[in-house]
Amino acid sequence: MAKRVRPQAEQYTGLNRLEPTLPSSWYLDPAQYKLELERIWYRNWIYVGRVAGLTQPGQFRTADIGDQSILMVRGGDGVLRAFHNTCRHRGSRLCTKSEGQLGALAISCEYHRWLYNLKGELVRTPNTALPADFDRKDYPLYDVALAEWRGFVFINLAGKAAEPFSSAFVADAERIANWPLDEIVVGHREVIELGCNWKVFWENFSECYHCPGVHPKLSETVPIYGRALMGRYDDPEWEKHAGDNDPLYAGGIGREAKSWTEDGQIHGVPFPGLTEEQKQHGQFFVTALPTAYFVAHADYVRSISIRPVAAEQTRLVAEWMFLPETLKKPGFEMEKVVAFARRVVQEDGYVCELAQQGMHSVRHEAGVLLPPEYWVKSFQDWVRDGLLA
């Protein structure tokens, strides 16, 4: 699958002509949804949460990707592995709980009691004579690729055929290398159900053409968003302000703000090791298609993971992560941090659902992309490439 990267060159990044969107049927048709599951979601790296709760031998967690149930478990050798949550005997589901601790450090099928070790190897088939040609080595659990990245866990259903984990990120994840991602802990988590196709949410994320009208508070905090621009080079006349570091032209949070919070102030314990430029810019995005984006601020890191549920239903999981000292800090007000981004997601969710509803028009076969929506075009090309693979 071709890797799509946000344009970073010091030049205008907008489209130079009108471009058609994907067909509206691609957001409505259950058959199209199934095809995208098979060719995009089951072949790319998918974010499934923090490693907390998966650090000791026998600790497990399950995750659903489309109609696939995946089991992750920490082995006695310290390695975290992932498998399809399916017994090799007759396909029974193995673990029915979402997380926990496996007894006897083994994976047991409740149906006929086939037993697997934590490496996924079949070690016992009880109470029956086996044919001479039956070899337990031929029946390990179905493998799923797994990668641990700085405290975050990703899986890839392609197993041994998965592309290298480095392909997971749209842009260089090193932009947040100074953040102590291994040390942060989830302080707050919310699940949001949206009545829209998963691609609608990503397309909304990929442009700020909607920002002035949809996100007034955000546009005050990040002034360039109030100009319907995502960054300096989205402006066709950017050269007029090439040397101006005012956030109105250069991007980043405004001069009066220090973080994405209700009052613009830092409420958590600030991350050590950030440069002055990183503190002043105040927001750094890292995107992993099709599954999540991560936003690093001065005092917390936020993730939004995206999971398709049906052709017209998407589930978001939002997590706010802090240094452990923040959660122990006397007087720390979590709501002042959470409320800001919650509002942004709710505003996005509202317009995403409007977009989904409108595409049911029999006249609306496709839309059109304007110059500021260049990254929507890039995302849609990424989808097209994935379906051809």
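Residues numbered from 1 in each chain as written. Predicted model: local features only at pLDDT ≥ 70, side-chain atom pairs only at ≥ 80, totals over all residues. Heavy atoms only, no water.

1. Concerning the layout of surface pockets
This is how the line gets drawn: In the cavity and pocket records, a cavity denotes points on a 1 Å grid over the protein atoms alone where a 1.4 Å probe fits but cannot get out, a pocket denotes an open set with protein on both sides within 12 Å along at least 5 of 7 lines, and lining residues are residues with an atom within 4 Å of a point. Grid points are joined across faces, edges and corners, and a volume is the space filled by probe spheres set on the points. In this description a helix means any DSSP run of H or I spanning at least four residues, a strand means any run of E spanning at least two, and both kinds are numbered starting from the N terminus. Only Asp, Glu, Lys and Arg are considered charged in this grouping, and only Ala, Val, Leu, Ile, Met, Phe, Trp, Tyr, Cys and Pro are considered nonpolar; every other residue, Gly among them, is considered polar.
In this structure, the largest pocket spans a volume of roughly 1,400 Å³. Together, 49 residues line the largest pocket, and M230, G251, G252, H281 and Q283 are the ones closest to its centre. If you list the elements that add at least two residues to the lining of the largest pocket, you get helix 2 (198-205), helix 5 (247-250), helix 6 (276-281), strand 13 (284-288) and helix 8 (334-358). When residues in the lining of the largest pocket are grouped by element, the largest group, five residues, is from helix 6. Partitioned by chemical class, the residues of the lining of the largest pocket number 23 nonpolar, 15 polar and 11 charged. If you add up the space inside the second largest pocket, you get close to 560 Å³. Taken together, 24 residues line the second largest pocket, and the ones lying closest to its centre are V48, R61, R189, R307 and V317. When residues of the lining of the second largest pocket are traced back to their parent elements, those giving at least two are strand 2 (46-50), strand 3 (59-65), strand 12 (185-194), strand 15 (301-310) and strand 16 (313-322).

2. Some points on unusual backbone geometry
In this structure, the amide linkage connecting L289 to the following residue, P290, adopts the cis form with an omega of 0°. Looking at the secondary structure, you find P290 in the loop between strand 13 and strand 14 (292-296). Located in the positive-phi region is A104, a residue other than glycine, with phi close to 60°. For A104, the position within the fold is in the loop between strand 6 (99-101) and strand 7 (107-108). Within the chain, A228 stands out as a residue other than glycine whose phi angle is a positive 65°. Inspection of the secondary structure puts A228 in the loop between helix 4 (216-221) and helix 5.

3. Regarding the pattern of salt bridges
Test applied: A carboxyl oxygen of Asp or Glu within 4 Å of a side-chain nitrogen of Lys or Arg is what we treat as a salt bridge. Working definition: with a 1.4 Å probe on protein chains only, accessible area under 20% of the residue-type maximum means buried, over 50% means exposed, and in between means partly exposed.
Within this structure, the stated rule accounts for 16 salt bridges. Where R342 meets E190, a salt bridge forms, and the shortest distance between an N and an O atom there is 2.6 Å. Of the two residues, R342 sits in helix 8 while E190 sits in strand 12, which places them 152 residues apart along the sequence. The pair R342 / E190 is uniform in exposure class, with both members buried. Ionic pairing is found between E276 and K279, a salt bridge with its closest N-O pair at 3.4 Å. Placement of both E276 and K279 in helix 6 is noted, with a separation of three residues, approximately one turn of the helix. Through salt bridges with shared partners, a single ionic network connects E190, E335 and R342.

4. Structural notes on helix 1 (residues 30-41)
Here is the rule we go by: When we speak of the arc, we mean the arc of directions from the helix axis to the C-beta atoms. Only heavy atoms matter for contacts: two residues are in contact if any of them lie within 4.5 Å across the pair. We call two N or O atoms a polar contact when they sit within 3.5 Å, provided that within protein one can donate a hydrogen and the other can accept it, with sequence-adjacent residues counted only if both atoms are side-chain atoms.
Along helix 1, the residues that are buried comprise Q32, Y33, E36, L37, I40 and W41. Buried residues of helix 1 fall within an arc of 145° about the axis and therefore sit on the same side. Opposite its buried face, helix 1 presents the exposed residues A31 and K34, each directed more than 90 degrees away. If you follow the buried residues of helix 1, they end up packed against strand 2, strand 3, helix 2, strand 15 and helix 9 (374-388). Capping the start of helix 1, D29 holds a side-chain oxygen 3.1 Å from the backbone nitrogen of A31, two or three residues further along.

5. Brief notes about the packing of helix 2 against helix 8
We count it as follows: Where helices are involved, their axes are fitted lines through C-alpha atoms of the stretch in contact, as for all axes, and angles between N-to-C directions lie from 0 to 180°. Under this scheme an angle from 65 to 115 degrees is roughly perpendicular, one under 35 degrees roughly parallel, and one over 145 degrees roughly antiparallel; angles in between are oblique. Crossings are assigned a handedness: left-handed for a near helix turned anticlockwise from the far helix by less than a right angle, right-handed for a clockwise turn.
Contact pair helix 2 / helix 8: the axes reach a minimum separation of 10 Å and the direction vectors enclose 125°. Compared by their axis directions, helix 2 and helix 8 come out oblique. Handedness of the crossing formed by helix 2 with helix 8: right-handed. Across the interface between the two elements, V200, F201 and N204 of helix 2 pack against D348, V351, C352, A355 and Q356 of helix 8. Counted by class, the contact of helix 2 with helix 8 contains five nonpolar, two polar and one charged residues.

6. Structural notes on the nonpolar core
Short version of the rule: To qualify as a nonpolar core, a set must consist of buried Ala, Val, Leu, Ile, Met, Phe, Trp, Tyr and Cys residues joined through side-chain atoms within 4.5 Å.
Ranked by internal contacts, the top residues of the largest apolar core, which has 70 residues, are W41, I155, W198, Y225, W260, Y293 and I306. Tallying contributions element by element places helix 8 first for this core, with eight residues. Not counting residues within four places of it along the chain, the set of residues in contact with I155 comprises N44, W45, I46, V48, I65, I70, M72, A82, V144, A145 and L146. Ranked by size, the runner-up nonpolar core spans 27 residues in total, among them A147, A168, W179 and L323.

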